[in-house]
Structure formats: C-alpha cells, structure tokens
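Structural features, examined
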There are 2 protein chains.
Amino acid sequence: MSRASDQAYANIRSLILAGDAPPGTQLTEAQLADICGVSRTPVRDALRRLEAELYIVRSDSQRMFVADWSREEVGEMFTLRGMLESHAAARAAARIDAQALANLVECNQRLTAAVEAAVPDVATFLAENRRFHEQIIAAAQSPRLATILASIVEQPVVRRTAARYTRAELARSAHDHAELIEAFAAHDSDWAEAVMAGHIRRAFHAFSAAK
Amino acid sequence: MSRASDQAYANIRSLILAGDAPPGTQLTEAQLADICGVSRTPVRDALRRLEAELYIVRSDSQRMFVADWSREEVGEMFTLRGMLESHAAARAAARIDAQALANLVECNQRLTAAVEAAVPDVATFLAENRRFHEQIIAAAQSPRLATILASIVEQPVVRRTAARYTRAELARSAHDHAELIEAFAAHDSDWAEAVMAGHIRRAFHAFSAAK
DNA sequence: ATAGACTTTATTGTATACCAAATTCCTTCG
DNA sequence: CGAAGGAATTTGGTATACAATAAAGTCTAT
C-alpha cells in the first residue's frame, strides 16, 4: 500500500506488539491518527488490515479493541500456518525452476553463515529466514495462498527477543532449509511438504518453550 | 460492516460475478461510487475487501482491474477450502455441544426437505447449505480459521445458476451432511475431517463439470 | 442511597471538497 | 511515422462536517 497507510499500520502494530497497548485497550481512530501523525483515512485502512489479521477485534458496535491471543489461538495459528505452508512447499517443489532454486541456496548460505558465526547474527538469520520462506511462497505460484499466508506468517516472531533463540534452534532451522532445498531439487512434493510441516511445528514448540 | 459500505461491496461483487464487468475491466472509484449511489469513502472500503478476496487486482501503479480466475486458480481455491474446512470439521467434532448438534440436524432436515420436494427448491437448499457450513465453522471455535474461510467460501457458488444443480448432486450433499452429523455426534475428528474433505472435493468436480 | 430515566459526550460511518503525485492518453511537432 | 510534451485521469491523502448510535454521566423519584 502507500506511504501514510503503511506508516499507520506499522505504528499501530508495534504499539500492540510492544505492549504499549495491552489487550483490551480501546483504539480510536482520532487518537491513532494523532499518534501516527496522519489523518483518519489511512488509519482506517490500517485498522482494517489489523482487524483481518486479528490484532484487533470490534465490539458489538464497531468500537475497536486490542485483541487478546490465548495460548490456544497461537497454537491454532501455527497449525494453520503449518498446513498452508506445507501445501505451499508441495506446490513449490512441483513448480520451482533452476533460478529460484539457486536463489534459495544462496539465501540459505547467508543464513547458515549468520548462524555459524562466533556470535550468531540473529538479525541476519531472521531477515534471511523470512526471505527464504517468502521465496517458497512465491514459487508456489498461488496468489490466494500467498494472500492468506501473508496475514498469518511472521506474526509471533516479533514477540520473541533475539536473545531467546538458542544456537541449536538456529542450526536446526538451517538444516531444515537445506533439506527443503534437497526436496525442491528432486521436485518431490511429498518430501517438501513433510519437511515443511515438521519445520513449522518445531518452530511452534520453540516458541512455546521460549515464552 | 455498515450500510453504504456493504451495499457498495455487494453491488461491485455482483457486477463482477454477473459478468457486467468482465475480467480486465478497469474499475475506478468515482465510477463505482456513481453506480452504487454512495461516495468514494465506502467504495474504497469495499474495494479493499474485494482485493483481499482476489476479485480485483491492482496494476503496477494502483489502478484496479477485475481479476481473471484461471481454471487452476479455481481448483486451488477448492483445495484450500478443502484443507481448511476439513480442519474446521475436525475441530468442530471435538468441540460441538448438544445444542449446536441439534441445530445442525434441524438445518439438514430443512435442506433435505428442499431436495426431496417434487421440484427441488434450490434456493432453500443453497441457503440451508450455507447455514450448515457456517454452523460448523462456528463450532470449530477458531476466529482465525473463520476469518480465512470467510474470504474463500461461497465464492464460486454464485457463478452457477440454480438450474445447473442436478437432483443427484443435491441428494448427495444432503447425504454427506447426514454423515457429518454422525461424525460430530460421535465426536470423531478424523471421520468428520475425511467426510468434509470428500464433500468439498466433490463440490469442486460438480462445479467443474457444470462450468 | 439507589434504581431508573434522561442528557451529554464520544466514536464511527459517510459525504464532500480539495490537493498532490503519478500515470495514461492525446496532441502536436520534427 | 515516431517522439516529446502537455492535458486529463486516477488514486492516496487531508480536512471538515454531519448523522446515527453507543457509552458515560447526571439527575430525579422513591
């Protein structure tokens, strides 16, 4: 989207994720417009997006409040992400071309280097990890799947501080990615799907344990 | 949502589904505001929703056009719906209570009556079918799943005229529903999931054949 | 003092007007 | 015929105003 709307989205989202607006807080358009330094119009756009992503909920009559994610809801989100992203991996395995595969390899090399550094470079890991998954979704060539996944991916990641990732977790992720690349190279959809399912499920448990 | 916004949404959507705005047609906010008899503000809201549901796509720079759904994309939509709604059925089987189950039974009785009438009452069938699936999604108790499914369910149905449903198809649907109810009554998630997967998959082929 | 009715305020949805930026289309000139 | 340049379109955004409705506060009667 566009400048002011994106800015409002990012601002409001970080308000929620940083805990400045705890669950249950009422969010009003005027107040948010003030905070973000834009008018109500882009704030409304941002609120619609955040509502679709369940960051905020509406009361019986249209007032908006910060949503409260239960543990069960986070688990359900990981389940859905696992289903959908496994499906994306299966599609990608059947459709990926040499160029995209090479990009994945390169991406995972940077990720692996970040993990194996004397002091693991978590920021780079997160950035490359995100790119890796985005490339798979792109290779799946399903606009609808991409739209849905965009609304649920990467959400809980933000809540974790970088320090909470153990070196073993990071290494395991890099290993999973390498195996995914193998599955893609073999164009084996079932393999890719299975590896991705385990990859996401492990992320869920790592997330739960770190909480 | 609210009056004008919903009206704009419904109007624009029916323009697209009825073929009055064929794929590739450019949609401008001003023109749509004129057609719908509302101002640009609610039209913009409606366009965002339709964009999220992939009814419309944006060009490189923000102009909007009616999307063209390929056969493959329709198939992918059914696949996603099958995955997600099967998952919903599994969750519902584990969570449904006696009251919700009774509502499902009642709903399917009305549906079955509509099917078995001398002249099948397709309008009632469609209405009850929709309610049946909505009740299952509600029983699944997953706000996120409900949000996602709301954006992909019932879309292709509208393209079919009532006359294209054969009596055999309608009866088969009623039978599937009855088996789903059995699975729910037994609280057997695997059973419910399997029946729902077949139910959606069959709907896809019926849709394809009727094209 | 408190329950209930009434009034005030807050908030969202919508309309309207306007402007800026970017893109597209059309005209004109070489 | 092709290219440059300007005019028209279109969207994103701002600002303001107003209606409807829900929430909050206040007042009154018992």
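Coordinates for the structure precede this section.
Structural notes, computed from the coordinates. As the structure is a prediction and not an experimental result, all values here were calculated from the model.

1. Some points on the relation of the copies chain A and chain B
- When chain A is fitted to chain B, the best match, at an RMSD of 0.2 Å, comes from turning it 180° and sliding it 0.1 Å along the axis. In symmetry terms, the pair is related by a two-fold rotation axis. Relative to the rotation axis, the closest C-alpha in chain A is found at A:Ile148, a distance of 3.5 Å.
- In this assembly, 94% of the residues forming the interface of chain A have copies in chain B that are likewise at the interface, indicating an isologous arrangement.

2. Details of the interface of chain A and chain B
- Across the contact, 17 residues belong to chain A and 16 residues belong to chain B.
- Every element with two or more residues in the side of chain A that touches chain B is listed here: helix 3 (40-52), helix 4 (71-95) and helix 7 (143-150) of chain A.
- For the side of chain A that touches chain B, the element with the most residues is helix 4 of chain A, which contributes 6 residues.
- Along the lines of polarity and charge, the residues of the side of chain A that touches chain B split into 9 nonpolar, 3 polar and 5 charged.

3. Quick notes on the sheet that holds strand 3 (residues 64-66) of chain A
Residues and elements named next belong to chain A.
- An order of 1-3-2 is seen for the 3 strands of this open sheet, with the pairing classed as antiparallel. Both outer strands of the open sheet, strand 1 (26-27) and strand 2 (56-58), are each paired with one neighbouring strand and no more.
- Pairing between strand 2 and strand 3: 3 bridges, direction antiparallel. Among the inter-strand pairings, Val57 is bridged to a residue of strand 3, identified as Phe65.

4. Concerning the nonpolar core
- Membership of the largest hydrophobic core comes to 69 residues, with the highest contact counts inside it found for A:Ala92, A:Ala192, B:Ala92 and B:Ala192.
- Leaving out residues up to four positions away in the same chain, B:Ala192 has contacts with B:Ala89, B:Ala90, B:Ala92, B:Ala93, B:Leu180, B:Ala183 and B:Phe184.

5. Comments concerning the environment of A:Arg63
- For A:Arg63, the location among the structural elements is in the loop between strand 2 and strand 3.
- Among all residues touching A:Arg63, those that are not within four sequence positions of it are A:Gln26 and A:Arg58.

6. Section: unusual backbone geometry
Residues and elements named next belong to chain B.
- One non-glycine residue, Gln141, lies in the positive phi region at around 55°.
- Considering the arrangement of structural elements, one finds Gln141 in the loop between helix 6 (122-140) and helix 7 (143-150).
- Accessibility expressed as a C-beta count within 10 Å gives 17 for Gln141, which makes it partly exposed.
- Non-glycine residue His187 carries a positive phi angle of around 50°.
- Tracing the sequence through the fold places His187 in the loop between helix 8 (167-185) and helix 9 (189-210).

7. Describing helix 8 of chain B
Residue and element names in this part refer to chain B.
- Taking 1.5 Å per residue, 19 residues should reach 27 Å; helix 8 reaches 27 Å between its end C-alpha atoms and fits that length.
- Along helix 8, the residues classified as buried are Glu169, Leu170, Ser173, Ala174, His177, Leu180, Ile181, Ala183 and Phe184.
- His187 sits one or two residues past helix 8 and shows a positive phi near 50°.

8. Structural notes on the packing of helix 1 (residues 3-17) of chain B against helix 2 (residues 29-36) of chain B
All names here are of chain B.
- One can describe the packing of helix 1 onto helix 2 by two numbers: an axis separation of 10 Å at closest approach and a directional angle of 105°. Viewed along their axes, helix 1 and helix 2 adopt a mutual orientation that is roughly perpendicular. Residues Gln7, Ala8, Asn11 and Ile12 of helix 1 pack against Leu32, Ile35 and Cys36 of helix 2.
- Looking at side-chain class alone, the contact of helix 1 with helix 2 contains 5 nonpolar, 2 polar and no charged residues.

9. Considering helix 7 of chain B
- Every buried residue of helix 7 of chain B is accounted for by B:Leu145, B:Ile148 and B:Leu149. One side of helix 7 of chain B holds all its buried residues, which, seen down the axis, span an arc of 95°.
- Residues of helix 7 of chain B that are buried in the fold lie against helix 4 and helix 7 of chain A together with helix 4 (71-95) and helix 6 of chain B.

10. A few points about the sheet that holds strand 1 (residues 26-27) of chain B
- Sheet architecture is open: 3 strands sit in the order 1-3-2 (chain B), paired in antiparallel fashion. The sheet terminates laterally at strand 1 and strand 2 (56-58) of chain B, the two strands that pair on one side only.

11. Some remarks on the environment of B:Ala94
All names here are of chain B.
- Considering the arrangement of structural elements, one finds Ala94 in helix 4.
- Each C-alpha atom of the pair Ala94 and Asp188 lies 7.0 Å from the other, and the pair is 94 residues apart in sequence.
- If sequence neighbours within four positions are ignored, Ala94 has contacts with His187 and Ser189.

Conventions adopted
- Residues numbered from 1 in each chain as written.
- Chains lettered and ligands numbered in written order.
- Predicted model: local features only at pLDDT ≥ 70, side-chain atom pairs only at ≥ 80, totals over all residues.
- Least-squares fit on C-alpha atoms with pLDDT ≥ 70 in both.
- Contact = placed C-beta atoms within 7 Å.
- Helix = DSSP H or I, 4+ residues; strand = E, 2+ residues; numbered from the N terminus.
- Nonpolar A, V, L, I, M, F, W, Y, C, P; charged D, E, K, R; others polar.
- Pairing = 2+ DSSP bridges.
- Core = buried A, V, L, I, M, F, W, Y, C linked by C-beta atoms within 7 Å.
- Buried ≥ 20, exposed ≤ 12 C-beta atoms within 10 Å, placed from the backbone.
- Expected span 1.5 Å × (residues − 1).
- Axes fitted to C-alpha atoms, helices over the stretch in contact; angles between N-to-C directions.
- Parallel < 35°, antiparallel > 145°, perpendicular 65-115°, else oblique.
- Arc of directions from axis to C-beta.

Purely spatial values, then, with no claim about function.
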